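Now for the letters of each chain:
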Amino acid sequence: MSFQPVKFYQTGTLTVGNRLLAQDERSVQANQMRSNSINSGHRACQGCGEALGARYAIDAAMAESNGQLIAANATGCLEVFSTPYPESSWQLPWIHSLFGNAPAVATGIAAAMKVKGRNDVRVVAQGGDGGTTDIGFGCLSGMFERNDDVLYICYDNQGYMNTGVQRSSATPPAARTATTMPVGPEPGNVFGQGKNVPEIAMAHNIPYVATATVADLRDLEYKVRKAMQMRGARYIQIFVPCPLGWGAASHDTIRLARLAKETGMFPVFEAEHGEVTSVLKIRNKVAVEEYLKPQKRFAHLFGKHAHPETVARLQAIADRNIRKYKLLPEGEN
Amino acid sequence: MLKQTEGSKAVAEAIALCRPEVICAYPISPQTHIVEALGEMVKAGELTPCEFINVESEFAAMSVAIGSSAAGARSYTATASQGLLFMVEAVYNAAGLGLPIVMTVANRAIGAPINIWNDHSDSLSQRDSGWMQLFAETNQEAVDLHIQAFRLAEELSMPIMVCMDGFILTHAFERVDIPSQEQVDAYLPPFEPRQVLDPAEPMSIGAMVGPEAFMEVKYLAHAKQMQAIELIPKLADEFKNIFGRDSGGLIRTYQIEYAETVVIAMGSILGTIKDVVDEMRAEGHKIGVLGIISFRPFPLEQVRAALIKSKRFIVLEKSLAVGMGGIVATNVRMAVTGSGLRGFTAIAGLGGRAIPKSSLHKLFRQAEQEELEPVTFVDLDWAAVNKQLEREKQTRRSGPIAENMLHDKGIVGVSAKFG
């Protein structure tokens, strides 16, 4: 993010209160006039990372577009928990069409705004990882390739949670899902499969690609606002833990998101026109076990029938991310 | 203005006159010339303001149209065959959302075996999707129906397919009267959406609906099509006032007075049928024609009224309800329930099989004599079919059916590879 020299007078922690920032540097969520685009009262689970991520992302996009924003939503948890008529949480014009077409629907909305001369109205599309990296991937790639004026936000909870926790191409290796059960000699999801959609997005040479987590909400807001200052196809993948799907405590959502970043399992970076321009450095590097152990989807890797070699393979993935994205502070990579 | 032009080009000009604001294009034969021509018009600045989007699939084409239509832009696309099937999920969705998208379907067979030629299997497969379907008999009618289609779709806020026979119409050069912009503007007002994505008035479109209201929403789609039964003839009348032509409507009859036998069909084959009927009339046969323009909504009362004084009918259709018989015929039978009329189904022209006058003469005479089976397959090569059936009895690994047919029919030089 655009680092302002802020002095941490207070506690020596890594947090800083809004009170210490100038008005225009304060977070969108801290502003009483925020749009509250996804209103309270929706049906997300306790501790839902996706609800939190969507709230911050869409409110930030609303702030940046002066409230002139239209959203297209893929089928999935976000769509279901936020809407059933007549209880829509959405305080902005919002359309749900299908599971696999949110990027194309957004393209259509953007085209309509262009033809009507409404350049002030901006368009976001959003979906979960299943709707993005699997079933909606053709439409997503088409939208990227045409450089349509759409910000696509993927809320990545690493599986098909709405349908009952099945594997997606964003599910990590070894994870238990309903379709990658922890049985047999190689329990859980297989190694060597899956899609890295941020990197695939970068390969389209689109103006902006970023990853973020719900553990760094200022960073998330900053990336959404930055994306909204650009035109053309933009992609942000937000890491959103799913307590239900991951078998994790509701109060661990933020912690798990932070651990995913601090282990290197989920590199947090931004890229412009296919080149990485910044990474969020790891502050306190931890071993992957700390991230894996609080999640029941990895429980088969520990305990009586532990799979230390599998944990080592996951650590190798994290280490590779750390090397590739230079995630450690200068001099430590 | 009268022009000697290709069907696709004429339709493209008609679409342009309707001032579409978003056009989604994906190539599939035989509709491609339409979007090619529109793309050129947009790029040349002749059609403006309009966004022409080269999408990555038909699924995206319909999805982009859903987005643009929901955002208040008049939206158009064209497809055929596999393309229509590839977008089916979005086709149903557009109707469910009540978005008045207009789509040309250049009717083409559905594979396998892959086949680019004309029949009506593609759009008829979408008969229950909630889209209206109008079938053009000529290129002039294709032009006129497109103009009427935007009016109809937008008045009802429901999507519509204008169906024209692939190649037979899309690629035929003939004389077409292209209306003036003033005429079209007088007929077709700007699009005023019933629902629109607008930051000034935020609303949610497409949210989940449970059992408590789903049936009512679906019934309302049906109610819209029932309204279309009333509206389609009115729009055709209004069209005639401005353009001076009879075009559109629900059905069109030909030589039907005092007809004892009525031939029913849709699309360009009606031309051939009328020629045959003229010849038979000249010989004293009491035979007439009923052309169905509006397949959805299906004009049950009008079809019944047209048939009720006859003794029998034969539906000649370029589609097949596998395992049952005819699709159009089933609809017609519904229309004449309890009338005692004898009805025959003739499946013809699948995958572009020519339907010659000689075959129709024979077929219609058999119909007059009521010598037909309930379902007849016109010009089917029974020898080839029976040979394959026998082969399958004799040999477990009997091989690809389509290739065997070509061998058995002598089209491939050597005898069948398998038995």
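A quick note: this is a predicted structure, and the numbers were derived from the prediction, not measured.

**Some details on the overall build of chain A**
- If you tally the helices and strands in chain A, you get 11 helices and eight strands.
- A compact globule built from 333 residues would reach a C-alpha radius of gyration of about 20 Å, and chain A, at 19 Å, matches this within 12%.
- Overall size of chain A, expressed as C-alpha extent along the three principal axes, is 65 × 50 × 40 Å.
- Counting all 333 residues of chain A, 53% fall into the buried class.
- Across chain A, the fraction of contacts at a sequence separation of at least 24, relative to all contacts at a separation of at least 6, is 68%.

**Some remarks on unusual backbone geometry**
- Residues Ser29 of chain B and Pro30 of chain B are joined by a peptide bond in cis, for which omega reads 0 degrees.
- When you line up the elements, Pro30 of chain B lands in the loop between strand E2 (22-25) and helix H2 (32-43).
- Notably, His273 of chain A is not glycine yet its phi reads approximately 50 degrees, a positive angle.
- Structurally, His273 of chain A is set in the loop between strand E7 (269-272) and strand E8 (275-279).
- Positive phi, close to 60 degrees, is recorded for Asp379 of chain B, a residue that is not glycine.

**Considering the nonpolar core**
- Core analysis: the largest hydrophobic core is formed by 223 residues, its most contacted members being Ile109 and Ile238 of chain A together with Ile160, Val162 and Val263 of chain B.
- Shared between two domains, this core holds at least three residues of each, these being domain 1 (2-197 + 204-243) and domain 2 (251-377) of chain B.
- Apart from the residues lying within four places of it in its own chain, the contact partners of Val162 of chain B are Val102, Thr104, Leu134, Ala136, Ala142, Leu145, His146 and Ala149 of chain B.

**Points about the interface of chain A and chain B**
- Across the boundary between the two partners, chain A contributes 37 residues, which contact 36 residues of chain B.
- For the side of chain A that touches chain B, the secondary-structure elements that each account for two or more residues are strand E1 (69-73), strand E2 (94-96), helix H3 (102-115) and helix H5 (137-145) of chain A.
- Its residues assigned to classes, the side of chain A that touches chain B shows 22 nonpolar, 13 polar and two charged.
- Across two bridges, the pairing between E2 of chain A and strand E9 (residues 204-205) of chain B is parallel. Along E9 of chain B, the bridge assignment pairs Trp94 of chain A with Ser204 of chain B.

**So, the sheet that holds strand E3 (residues 51-54) of chain B**
- The strand order across the open sheet formed by seven strands is E3-E2-E4-E5-E7-E6-E13 (chain B), and the pairing between neighbours is mixed. Looking at strand neighbours, the two that pair on one side only are E3 and strand E13 (294-296) of chain B, the edges of this open sheet. For this sheet, the mean inter-axis angle between neighbouring strands, taken without regard to orientation, is 20 degrees.
- Contacting E2 and E3 of chain B, H3 of chain A runs over the sheet at an angle of about 155 degrees to E3 of chain B.
- Relative to strand E7 (residues 160-165) of chain B, helix H7 (residues 139-156) of chain B is tilted by about 170 degrees, and along the sheet it contacts strand E5 (102-107), strand E6 (132-135) and E7 of chain B.

**Side note on the environment of Glu192 of chain B**
- One can find Glu192 of chain B in the loop between helix H8 (181-187) and E9.
- Measuring from C-alpha to C-alpha, the distance between Glu192 of chain B and Glu371 of chain B comes to 54 Å, with 179 residues separating the pair along the chain.

**Some points on the domain arrangement of chain B**
- With domains assigned, chain B is organised as domain 1 (2-197 + 204-243), domain 2 (251-377) and domain 3 (385-419).
- Computed over C-alpha atoms only, the centres of domain 2 of chain B and domain 3 of chain B are separated by 33 Å.

**Some words on the sheet that holds strand E10 (residues 251-254) of chain B**
Residues and elements named next belong to chain B.
- As summarised here, the arrangement of the six strands in space is E10-E12-E11-E14-E15-E16, forming an open sheet in which the pairing is mixed. At either margin of the open sheet sits one strand with a lone partner, and together these are E10 and strand E16 (375-377). Here the strands of the sheet are splayed against their neighbours by 20 degrees on average, with no regard to which way each runs.
- Bridge count for strand E11 (residues 261-265) against strand E14 (residues 312-317) is four bridges, and the pairing is parallel. The partner of Val263 across the bridge, within E14, is Ile314.
- Set on the sheet, helix H10 (residues 269-282) makes contact with E10, E11, strand E12 (287-292) and E14; between it and E12 the angle comes to about 165 degrees.
- Its contacts with the sheet place helix H13 (residues 357-368) against E11, E12, E14, strand E15 (342-347) and E16, and it is angled at close to 130 degrees to E11.

**Brief notes about helix H1 (residues 7-17) of chain B**
- Most of H1 of chain B sits out of view: 10 of its 11 residues are buried.
- Positive backbone phi, approximately 55 degrees, marks Arg19 of chain B, located one or two places after H1 of chain B.

**Points about the environment of Asp156 of chain A**
Residues and elements named next belong to chain A.
- Counting through the fold element by element, Asp156 comes out in strand E4 (residues 151-156).
- A tally of 28 C-beta atoms within 10 Å means that Asp156 is categorised as buried.
- When the C-alpha positions of Asp156 and Ala51 are compared, they lie 12 Å apart, and in sequence the two are 105 residues distant.

**Looking at helix H9 (residues 214-243) of chain B**
All names here are of chain B.
- Relative to the 44 Å expected for 30 residues at 1.5 Å per residue, H9 spans 41 Å between its end C-alpha atoms, a close match to the ideal helical length.
- A bend of about 35 degrees at Glu230 is the largest found in H9, and the proline Pro233 appears one to four places after it.
- Ala228, Ile232, Leu235, Ala236, Phe239 and Phe243 are the residues of H9 that are buried.
- Buried residues along H9 sit against E6, H7, H8 and E13.

**Observations concerning the packing of H10 of chain B against H13 of chain B**
All names here are of chain B.
- Between H10 and H13, whose axes approach to 10 Å, the crossing angle comes to 60 degrees. One element, H10, and the other, H13, form an angle in the oblique class. Judged by the sense of rotation from one axis to the other, the crossing of H10 with H13 is right-handed. Here Thr272, Ile273, Asp275, Val276 and Met280 of H10 lie close against H13, whose contacting residues are Lys357, Leu360, His361 and Phe364.

**Quick look at the confidence of the model for chain B**
- Confidence in the prediction for chain B averages 96 pLDDT; 98% of positions are at 70 or higher.
- Scoring of the predicted complex yields 0.96 for pTM and 0.96 for ipTM.

**Here we look at the packing of H3 of chain A against helix H3 (residues 58-70) of chain B**
- Where H3 of chain A contacts H3 of chain B, the axes come no closer than 6 Å and their chain directions differ by 45 degrees. Taken together, H3 of chain A and H3 of chain B sit at an angle that is classed as oblique. Helix-helix and strand crossings are classified by hand; for H3 of chain A and H3 of chain B the assignment is right-handed. The segment H3 of chain A lies against H3 of chain B, with Ala104, Val105, Ala106, Thr107, Gly108, Ile109, Ala111 and Ala112 of chain A engaging Ala60, Ser63, Val64, Ala65, Ile66, Gly67 and Ser68 of chain B.
- Its residues placed into classes, the contact of H3 of chain A with H3 of chain B shows 10 nonpolar, five polar and no charged.

Each value, and the rule that gives it
- Residues numbered from 1 in each chain as written.
- Chains lettered and ligands numbered in written order.
- Predicted model: local features only at pLDDT ≥ 70, side-chain atom pairs only at ≥ 80, totals over all residues.
- Helix = DSSP H or I, 4+ residues; strand = E, 2+ residues; numbered from the N terminus.
- Rg over C-alpha atoms; globule rule 2.2 N^0.38 Å.
- Buried ≥ 20, exposed ≤ 12 C-beta atoms within 10 Å, placed from the backbone.
- Contact = placed C-beta atoms within 7 Å.
- Core = buried A, V, L, I, M, F, W, Y, C linked by C-beta atoms within 7 Å.
- Domains from an automatic or database assignment.
- Nonpolar A, V, L, I, M, F, W, Y, C, P; charged D, E, K, R; others polar.
- Pairing = 2+ DSSP bridges.
- Axes fitted to C-alpha atoms, helices over the stretch in contact; angles between N-to-C directions.
- Expected span 1.5 Å × (residues − 1).
- Bend = angle between axes of the 7 residues up to and from the residue.
- Parallel < 35°, antiparallel > 145°, perpendicular 65-115°, else oblique.
- Left-handed = near helix turned anticlockwise from the far one by under 90°.
- pLDDT = per-residue confidence, 0-100.

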